[in-house]
Structures are given as C-alpha cells and as structure tokens.
Amino acid sequence: MADDRLSPAGIPVPLVARPEDAPIDYARDLGDPGAFPYTRGVQRDMYRGRHWTMRQYAGFGTAQATNERFKLLLEAGQTGLSVAFDLPTQMGLDSSDPLAAGEVGRVGVAIDTVDDMHMLLADLPLDRVSTSMTINATASTLLAMYIVVAEERGMTRASLSGTTQNDILKEYIARGTYIYPPAPSLALTAEMFRFCAAEVPSWNPISISGYHIREAGSTAVQEVAFTFADGIAYVQQAIDAGLAIDEFAPRLSFFFAAHNDLFEEVAKFRAARRLWARIVRDRFGGSDKSARLRFHTQTGGVTLMAQQPLTNVVRVTVQALAATLGGTQSLHTNGYDEALALPTAEAATLALRTQQVIAYESGIADTVDPLAGSWYVEQLTTEIETRALSLIEHVDTLGGAVAAIEAGFFQEEIASSAYAQQLRVEGGETVIVGVNKFGDGQDPPIIPAPDFSALEREQVARLQATRAARDAATVEHTLYALRDAAISYLPSHEGARVELMPLIIEAVRARASVGEIAGALGTVWGKYRPV
C-alpha cells in the first residue's frame, strides 16, 4: 500500500517498502564492495581502511588570506586542500582588466601570476597533501602554476596529487564561466588528460561536475544523467585524440552535491557508481579499474538559508551523512553562514568538526554500505539508475552532450525543474524550516565584508610589480609559441596537435599572467557566444 508522496526527483515513495519493490540480483546489480559494478563502494574496506578526505573549500580575496585559512584548517585536522578562485581568475581576466573591476577577490582568491600561487601555497607540504582546484576555462594555466611552484621549491611534478575541475561542458550548461568555444575547449581537456597521464600520474585532470548542475536547479536524476552525458563526451574526445581508455579513465573523478532527502541522496550515489561502471565497460570497453566511479561531494549551497542560519548546521549534517553513507571519497561541508558571506573561521571549523564527529563517533565508518539491502534504498537506487539512463539515451539521440548544449536541452530541463521546485516551496508543499514554516520574524544577521576596493588595489599593484620585474621579451616569446600551437587545436586544422601544456608551463615560469595566457589562446580560438 502506498500514499501519493513523491521524492524530490519525482519518484513515488511507498508507505511501506517490501521485497517485491526491490528485486535485486546480488552478483549482477550489487556485488561486494570493491568489485564491479561498484554499487556498494569502490574499495573493499572503504572507510575501515581510510576515512574519506576531509577537503574544506576556501578562497579569500588574497593569496595570503587564503593561505592562512588553509593552515588553520590543516591544524584543525583537515586532510586535503580545496581552492576557490575569484571570477576574474576563472574567466581568464587579470585583476587589472577593466572587466574585472569590482569582482577581484569577491568569491575566491585572486591569482594573476605564479608569484600569487607561491603566496597561496607558502609552507604547505604539496608533496604530502592533495589539492583540489575549482577552475575550468583556465584550468591548464592554474595547473601549470601549481607545477611551477612545486618545481621552484625543489619538488617533482610526479610527486604531486590533486584535481583540477576542468569541466568546461557544465560551464555552458549551468555556470557560465567559459571563455572559448566548445571544440578547442574539449581539445584542451584531452591535452590535459595526455599530459597528466604522462607527467603528473597522481593528478586527476578533470572532476566532472554534477554539483553545479544540481545547484542550478536540477533533480537528483538529472544531476546523474547530465554529468554522465558530459563524461561520455570527455571520454570520446580523449579516445578520438588517440588515448586508450585505460590510459586515462582510472584518473577521471566526479563531483556531486548532497541535498536534504537522505535516502534519495544515498541511492543517487549508489546508482551513479553502478551506471558509470556499466557505461565505461559496455560503451568503451574499459577495464574494471577504469570503471570505478570516484567522486568528491559538497553539501548543497542552495539549501543554505539566510534565515535562522544556525539551522543550516542540521541541514549540513544530514547532507554529510548522505554523502558518507553513499560512499564518497572526499567531502566538503558548508559553513552555516555561507548564505550570508564567506564562512567565518568559527563556521568553517564547525563544518570540519561535523565531518569528524560522523567519522569517529557515529559508527557509520565501521561497515561498508550499511544501507544496502534496505528495500526502499534498493528500489530508489534502481529507479534513479533507470531514469538517468533514459535521459542519457535521449542526449545520444540529440547527438551527444555538445549538441544537446547547443540545442538548449540541458538548460531547459534544469530551468523547468528549478521552476517546479520553487512553486512547491512558495505553495508550502515543500517545507523549508525557518523560511516558509516555523519562521521567527527575525532579520538575517549581517556579517561585515572585507574592503574589496582596497583588496583590488593591492592585487593590481602586486601584478604590476611582477610585470616590472620579469623579462618582457621572454614572456612575449612564450606567448607567441602558445598562439602558434593553438592553431593546431582548431577543428579546421589538419595534422597532429602540438602539445600545449609544456608551452603553458614555460609561459607561467616566465611570469606570464592568467589574462595574457587566456588572451593568447583566445586570439586564435575566439570567444564563445551562446545562441
């Protein structure tokens, strides 16, 4: 017997789940943890062997301020770094660019040259701590800066571990921080796959992101489907560039959101592992190692409320439980005040403590996939996989992810889901505690903001000092080489592509800026203008 209740993704929720609701062939659909299709986890012992990486996201205006926050988090027990960059850095604009005015350092750290990256990473053990960088259109430049910093400090690039998000397709779908058209952007992504496999073997060259798709308003099913449609496009691009699936697929990583419906979110992560494993094996002939879905999770930014901000502590806890019960490899928990401003040190520390309490006090790390066998969770897992696969097959009929983006399919589907969700909230069908029910009539607190105008002036002065001290002729030579090589990445070019990453590294080493490198490539590739 069931009532008429639906999950947030529109899946019917039974009043009482029974065995017939979840017909499962254990060997085919589940398997033991660490074995294909990885529904129950990608490692045999999961958190018994090693807890997920506690990777708190941080980026505060200047490199120095962010470095101080990193040190605070590491001292508090964080086990990995995660960098947020400001919008000019994401868009390939120097802090001195007129288009950057008013945005320098506002939503993350401003990085113009490798000297800023040196300041950001000062005194941090890069050969012992992995670093995730949320950067896309300029990912190749920021990875080059990370490598140059390490090498100028006496470390080898092979000793480095971390991830560049580098997921440009979701920028066209959901975020908008793209620079170049899709074709050369995808070609540059394949070049990063090649370079990392050869030179930085412990680095994940991409984190294919469903998080921003979910933040834009998608359902859990759409988050999985559209992320994997993008993933299929990246894999095909790399294969078309001459790479074998097992050369690069083991280093692919993914990035998902965790929202408030605990069981649907757990089922989403389990379904995603199974679906990706089958895609890699059945579509591309990848090995079991290539078919393992490894992912980072962040608790839902759009679920944070400015009203009654301390209530967000509870939301974040539920979401963190969903991520860890679902088997994530690393996790960021949001600060309770992030709907109001960049998180305070107190909020960031409490967010980390939330993960630590779950890891060391809740008992969920003691056994792998503890919700397996729940008739409801298994039913949800199968339903999410089935619905996501149906969406992926529809994207295939449109010609793949790029064609679907150009047709506006992803964007329209997400907008429709977001609109429907907002109607449910405004109609009271979906309860948001403290917002449309249980309000207290209090105004949200005000958190003082930094002086961004002064910060911008300081950042521009630092960039000008680097430009004055560098060898201008060497910089121009490296930028000319970049422009010349970029021609080989145009769809109209016949012949082999020139390896771009070594040239970007040399430009960075010469103290070329983010904006200069993006400008050199953009001169050849042009700028993307959505239809």
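Preceding this paragraph is the structure being described.
For every chain, the first residue of the written sequence is number 1, and numbering continues from 1 along that sequence. Totals for whole chains, interfaces and linings use all residues, but because this is a predicted model, local features are given only for residues with pLDDT of at least 70 and pairs of side-chain atoms are given and counted only at 80 or more. Note: side-chain values were computed over all heavy atoms of the structure, leaving out hydrogens and water.

Here we look at the overall build of the protein chain
Right, on to step 1. A run of DSSP states H or I qualifies as a helix once it reaches four residues; a run of E qualifies as a strand once it reaches two. Both are numbered from the N-terminal end. Of the regular secondary structure elements, the protein chain holds 21 helices and nine strands.
Right, on to step 2. The reference for a compact globule is 2.2 Å times residues^0.38; the radius of gyration itself is calculated from the C-alpha atoms. For 531 residues, the compact-globule estimate of 2.2 N^0.38 gives 24 Å, and the protein chain sits close to it at 23 Å.
Right, on to step 3. Put simply, the protein chain has 531 residues, and 56% of those count as buried.
Right, on to step 4. Should any heavy atoms of two residues lie within 4.5 Å, those residues are counted as being in contact. Restricting the contact set of the protein chain to residue pairs at least 6 apart, pairs at least 24 apart contribute 77%.
Right, on to step 5. Accessible surface, the protein chain as shown: approximately 21,000 Å² in total, 53% of it carbon and sulfur.
Right, on to step 6. In this charge count, Lys and Arg are treated as positive and Asp and Glu as negative; neither His nor the chain ends contribute. To locate a charge, take atom NZ for lysine, CZ for arginine, CG for aspartate or CD for glutamate. Distance between charge centres in the protein chain, computed from 44 positive and 64 negative side chains, equals 4 Å. Only protein chains enter the calculation, and the probe is 1.4 Å; a residue is then buried if its accessible area is under 20% of its type maximum, exposed if over 50%, and partly exposed in between. All accessible areas in this document rest on Shrake-Rupley with a 1.4 Å probe, and a residue is counted as covered only by the protein chains that are shown.

Brief notes about helix α20 (residues 501-509)
Right, on to step 1. When we look at burial in α20, the residues that qualify are M501, I504, I505, A507 and V508. For α20, the angular spread of the buried residues around the axis is 160°, confining them to a single face.
Right, on to step 2. If you follow the buried residues of α20, they end up packed against α5 (114-120), α6 (139-152), α8 (182-199), α19 (472-486) and α21 (514-525).
Right, on to step 3. The positive-phi residue at the C-terminal boundary of α20 is R511, with phi of around 80°. Think of it as the arc spanned by the lines of direction from the helix axis to the C-beta atoms.

Describing the packing of aromatic side chains
Right, on to step 1. Between 30 and 60 degrees the pair is tilted, below 30 it is stacked and above 60 it is edge-to-face, where a pair is any two Phe, Tyr or Trp rings, Trp via its six-membered ring, whose centres lie within 6.5 Å. Enumeration according to the criterion identifies 22 aromatic pairs in this entry.
Right, on to step 2. Arranged with centres 5.0 Å apart and planes meeting at 90°, the rings of Y178 and Y528 form a pair that is edge-to-face. Note that Y178 is positioned in the loop between α7 (169-175) and α8 and Y528 in the segment after α21, a separation of 350 residues in sequence.
Right, on to step 3. Note on Y528: relative accessible area 14%, which makes it buried.

A look at the pattern of salt bridges
Right, on to step 1. When a carboxyl oxygen of Asp or Glu lies within 4 Å of a side-chain nitrogen of Lys or Arg, that pair is called a salt bridge. For the structure shown, the criterion picks out 30 salt bridges.
Right, on to step 2. Between R270 and E378 there is a salt bridge, with the nearest N and O atoms lying 3.0 Å from each other. Of this pair, R270 sits in helix α12 (residues 262-284) while E378 sits in helix α15 (residues 375-398), and the two are 108 residues apart along the sequence. Here the two residues R270 and E378 agree in accessibility, since each one is buried.
Right, on to step 3. A salt bridge links E516 to R470; the nearest nitrogen and oxygen atoms lie 2.7 Å apart. Of the two residues, E516 is situated in helix α21 and R470 in the loop between α18 (452-469) and α19; the sequence distance between them amounts to 46 residues.
Right, on to step 4. Salt bridges linked by common partners bring R28, D29, R274, R278 and E385 together as one network.

Regarding the packing of α19 against α21
Right, on to step 1. The interhelical angle for the contact between α19 and α21, taken along N-to-C directions, is 35°, at an axis separation of 8 Å. As for how α19 packs across α21, the hand of that crossing is right-handed. On the side of α19, the interface is formed by V475, L479, L482, R483 and A486, while α21 contributes E516, I517, A520, L521, T523, V524 and W525.
Right, on to step 2. Amino acids are sorted into nonpolar (Ala, Val, Leu, Ile, Met, Phe, Trp, Tyr, Cys and Pro), charged (Asp, Glu, Lys and Arg) and polar (every other residue, Gly among them). Looking at the contact of α19 with α21 residue by residue, the class counts come to nine nonpolar, one polar and two charged. Note on definitions: angles span 0 to 180 degrees between N-to-C directions of axes, and those axes are lines fitted to C-alpha atoms, for helices only across the stretch in contact. Note on convention: near helix rotated counterclockwise from far helix by under a right angle means a left-handed crossing. Clockwise means right-handed.

A look at the sheet that holds strand β4 (residues 162-164)
Right, on to step 1. Here, any two strands with at least 2 DSSP bridges between them count as paired. Read from one edge to the other, the open sheet built from nine strands follows the order β5-β4-β3-β2-β1-β9-β8-β7-β6, with strand pairing classed as parallel. Of all strands in the sheet, those with a lone pairing partner are β5 (203-204) and β6 (207-209), marking the two edges.
Right, on to step 2. Pairing between strand β3 (residues 131-134) and β4: three bridges, direction parallel. Along β4, the bridge assignment pairs M133 with T164.
Right, on to step 3. Each of β7 (253-258) and β8 (295-299) touches α12; the most contacted strand, β7, lies at about 160° to it.

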